[in-house]
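Single-letter residue listing:
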Amino acid sequence: MDIFDTFLNAEVFLRTWPLLIQGLWVTVQLGAASIVAGLVLGLIVSMIRLYGPVPLRLLARLYIDIFRSIPLLVLLIIVYYALPFVGLRLSPFASAMTALTLVSGAYTAEIFRAGIEAIPGGQFEASAALGLSHRQTMVDVILPQAVKIVIPPLTNNSINVVKDTALASVVAMPDLLKQATQAQALAANPTPLIGAAVIYIAVLWPLVALVSRMERRFGARSR
Amino acid sequence: MPAFVSIRNLRKSYGTFEALRGIDLEIEKGEVVCVVGPSGSGKSTLIRCINRLESFSKESEIRVDDIAVVPGRTLAKVRAEVGMVFQSFNLFPHLTVRENVMLAPRRVRGTSRADAASQADRLLARVGISEQADKYPEYLSGGQQQRVAIARALAMEPQVMLFDEPTSALDPEMVGEVLDVMRDLAGTGVTMIVVTHEMGFAAQVADRVIFMDGGEVIETGPPGQVLSAPREPRTKNFLSAVLNH
């Protein structure tokens, strides 16, 4: 057996391809759901962190710091294997989404905070002087400007979330990696793993390229 | 009838530094007041207290049109009546010139889009930048941006306009166009409080000039008196430093 038969075996690849596509679909669903939930959570937490009453502000900070420190795999195992002991039993999908969302929300909150803090104070003052409420200032003036600043780091974070979905295979999620390792066992050949790697790259490379483009464009615009 | 803007015992400190040391000031409706003085004299802080962009000591009192300028609900009301123009323009960069002018009437007053747009076009014509209405602020010169900022403040039909060194960030050749707009505005009877280093403007346009130094009002009176025949030595020193450079 040469290296092609071992790692790039066409016959094995064709046979396991449907499994990989099923896995990709699960990965995409899990990634998309966690990204959207993480965005909502992160926006809320960043608002509390910046403008909430002091005790809540501290709580938001604690959340952000803890969930940026904890390894995702550890969190995933706690959610899936430890929470049932306190009566909270989540499905593999719900466990994985919870863990991914909690971590993504913490990073997203920091990204939003940095974006909002990058808006010059004069924008807040001009809005206040015109009689806009805090909420109107955020919705009409600050967030539309902050979005431009935060889109590249948010896309980066989304890429990380999609990659981290691979960890969900430890809680028996039939995601892309899980399907690939299973197919590898069935075929007694590692070609499906190479196939999974190629699929990850094919899905994420365009996003990575998009971030670079956006960074160049927004960087050029904001002189 | 009380004065339109009434300031009593206005004090403000940053830590141990006293920026304002008890200012008393009454400004009548339609009056044009220029505030002059060396940098760090507290003149910007003074006008930023009038719409409470700066907080001030509890013992102080400011009333605009007999409404107390205190935090809470009434503050938005006061701010809607008080227009402000900043040294650094502070236009909204993500909105076109017309949208900059339309935003506050639409959101705060609930004006319809069509009414706000026609009002914006009227105001932009008045400050002489109709042709730029669909551009974004970054494509305008400093003088044009500041004129948009004046139009934006006027869109709320304020009773009083505050100008915080409106020409200090401008290239010299653009100062005139902004001062011309302000001169026209003064002629329409709007109450104006202008912090400025433009002594020529103050001399021509102001009904009253206030000279501040060290967080206090040192001298106040008609421009002919304060600028041409000052009584206080500090005013004399400042004016000779400004005029003989």
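Details of the structure are given in the entry above.
Now for a quick tour of the structure. (Residues numbered from 1 in each chain as written. Chains lettered and ligands numbered in written order. Predicted model: local features only at pLDDT ≥ 70, side-chain atom pairs only at ≥ 80, totals over all residues. Heavy atoms only, no water.)

## Thoughts on the packing of helix 7 (residues 134-164) of chain A against helix 3 (residues 97-109) of chain B
In plain terms, the rule: Axes here mean lines fitted to C-alpha atoms, for a helix over just the part in contact, with angles spanning 0 to 180 degrees between N-to-C directions. Only DSSP runs of H or I with at least four residues qualify as helices, and only runs of E with at least two residues qualify as strands; both kinds are numbered from the N terminus onward. Less than a right angle of anticlockwise turn of the near helix away from the far helix marks a crossing as left-handed, whereas a clockwise turn marks it as right-handed. Any two residues having at least one pair of non-hydrogen atoms within 4.5 Å are treated as being in contact.
Helix 3 of chain B packs onto helix 7 of chain A with a crossing angle of 145° between their chain directions and a minimal axis gap of 12 Å. For the pair helix 7 of chain A and helix 3 of chain B, the sense of crossing is right-handed. Within the contact between the two elements, helix 7 of chain A uses Gln136(A), Asp140(A) and Val141(A) and helix 3 of chain B uses Leu103(B), Arg107(B) and Val108(B).

## Looking at helix 2 (residues 73-81) of chain B
Inclusion rule: Three labels apply to residues, based on accessible area from a 1.4 Å probe with only protein chains included: buried if under 20% of the type maximum, exposed if over 50%, partly exposed otherwise in between.
Those residues of helix 2 of chain B lying buried are Leu75(B), Val78(B), Arg79(B) and Ala80(B). Packing partners of the buried residues in helix 2 of chain B comprise helix 6 (121-129) of chain A together with helix 1 (43-50), strand 4 (61-64), strand 5 (67-68), strand 6 (82-85) and helix 3 of chain B.

## Let's talk about helix 3 (residues 54-69) of chain A
Residue and element names in this part refer to chain A. Which entries qualify depends on this criterion: The span one expects for a helix is its residue count, reduced by one, times 1.5 Å. Directions from the helix axis toward the C-beta atoms define the arc.
Between its terminal C-alpha atoms helix 3 stretches 23 Å, which fits the 22 Å expected from 16 residues at 1.5 Å a residue. For helix 3, the complete set of buried residues consists of Ala60, Tyr63, Ile64 and Phe67. Taken down its axis, helix 3 places every buried residue within 95° of arc, on the same side. Exposed and facing more than 90 degrees away from the buried side of helix 3 are Val54, Pro55, Leu58 and Ser69.

## What to know about a positive patch on the surface
All names here are of chain A. Formally: Patches in this entry comprise residues that are over 30% relatively accessible and not in a salt bridge; like charges within 9 Å are linked, as are nonpolar side chains (Val, Leu, Ile, Met, Phe, Trp, Tyr) within 5 Å. Accessibility throughout is a Shrake-Rupley quantity obtained with a 1.4 Å probe, and a residue counts as covered only by protein chains that appear here. The term salt bridge refers to a side-chain nitrogen of Lys or Arg lying within 4 Å of a carboxyl oxygen of Asp or Glu. Positive charges come from Lys and Arg alone, negative charges from Asp and Glu alone, with His and the N- and C-terminal ends not counted. Charge placement uses NZ in Lys and CZ in Arg. For Asp and Glu, CG and CD serve respectively.
A grouping of Lys148, Arg213, Arg216 and Arg217 is seen on the molecular surface, where their side chains present a positively charged patch. Residue contributions to the positive patch peak at three residues, all from helix 9 (residues 191-221). Among the secondary structure elements, Arg216 is positioned in helix 9.

## Here's the deal with the interface of chain B and chain A
Quick reminder of the rule: By convention, the term buried area covers the 1.4 Å-probe accessible surface removed from two parts as they join, with the contributions of both added. What qualifies as a polar contact is a pair of N or O atoms within 3.5 Å, subject to a donor-acceptor requirement within protein and to the restriction that residues adjacent in sequence count only when both atoms come from side chains.
Counting from both sides, the interface comprises 22 residues of chain B and, opposite them, 17 residues of chain A. Both faces considered, chain B and chain A share a buried interface measuring about 1700 Å² in area, 56% of it formed by carbon and sulfur atoms. Counting the contacts that link chain B with chain A gives two salt bridges. A salt bridge links Arg107(B) to Asp140(A); the shortest N-O distance between them is 2.6 Å. Where chain B packs against chain A, one counts six residue pairs in polar contact (both at pLDDT 80 or more). Ranked by residues supplied to the side of chain B that touches chain A, first place goes to helix 3 of chain B with four residues.

## Describing the sheet that holds strand 2 (residues 17-27) of chain B
Residues and elements named next belong to chain B. Threshold: In short, DSSP must find at least two bridges between two strands for them to pair.
Within the open sheet, the four strands sit side by side as 2-1-4-5. Their pairing is antiparallel. Looking at which strands have only one partner, the edges of the open sheet turn out to be strand 2 and strand 5. Bridge count between strand 1 (residues 5-14) and strand 2: eight bridges; the pairing is antiparallel. Bridging across to strand 2, Leu10 finds its partner in Ile23. Where helix 1 meets the sheet, its contacts fall on strand 1, strand 2 and strand 4, and the angle it forms with strand 1 comes to roughly 120°.

## Quick word on the pattern of salt bridges
Counted according to the given criterion, the structure contains 21 salt bridges over all chains. Taking the shortest distance from any N to any O, the salt bridge between Glu59(B) and Arg11(B) comes out at 4.0 Å. Residue Glu59(B) is found in the loop between helix 1 and strand 4, and its partner Arg11(B) is found in strand 1; the two are separated by 48 residues along the sequence. Among the residues examined, Glu59(B) registers a relative accessible area of 52% and is labelled exposed. Here Asp213(B) makes a salt bridge to Arg234(B), at a shortest N to O gap of 3.4 Å. Linking Asp213(B) in strand 9 (residues 208-213) with Arg234(B) in helix 9 (residues 233-243), this pair joins segments that are 21 residues apart in sequence. Taking relative accessible area as the criterion, Arg234(B) reaches 38% and is therefore assigned partly exposed. Sharing partners across several salt bridges, the network here consists of Asp65(A), Arg68(A), Glu110(A), Arg113(A) and Glu117(A).

## Comments concerning the nonpolar core
We count it as follows: Nine residue types can take part in a nonpolar core, namely buried Ala, Val, Leu, Ile, Met, Phe, Trp, Tyr and Cys, and a core is a set of them joined through side-chain atoms within 4.5 Å.
Membership of the largest hydrophobic core comes to 51 residues, with the highest contact counts inside it found for Val101(B), Ile150(B), Met161(B), Phe163(B), Met182(B), Leu185(B) and Met192(B). Of the residues forming this core, the biggest block, eight residues, is contributed by helix 6 (residues 172-187) of chain B. Discounting chain neighbours no more than four positions away, the residues touching Phe163(B) are Ile47(B), Val85(B), Ile150(B), Met182(B), Leu185(B), Met192(B), Ile193(B), Val194(B) and Val195(B). Listed in part, the 49 residues of the second largest apolar core include Val141(A), Ile7(B), Val33(B) and Leu103(B).

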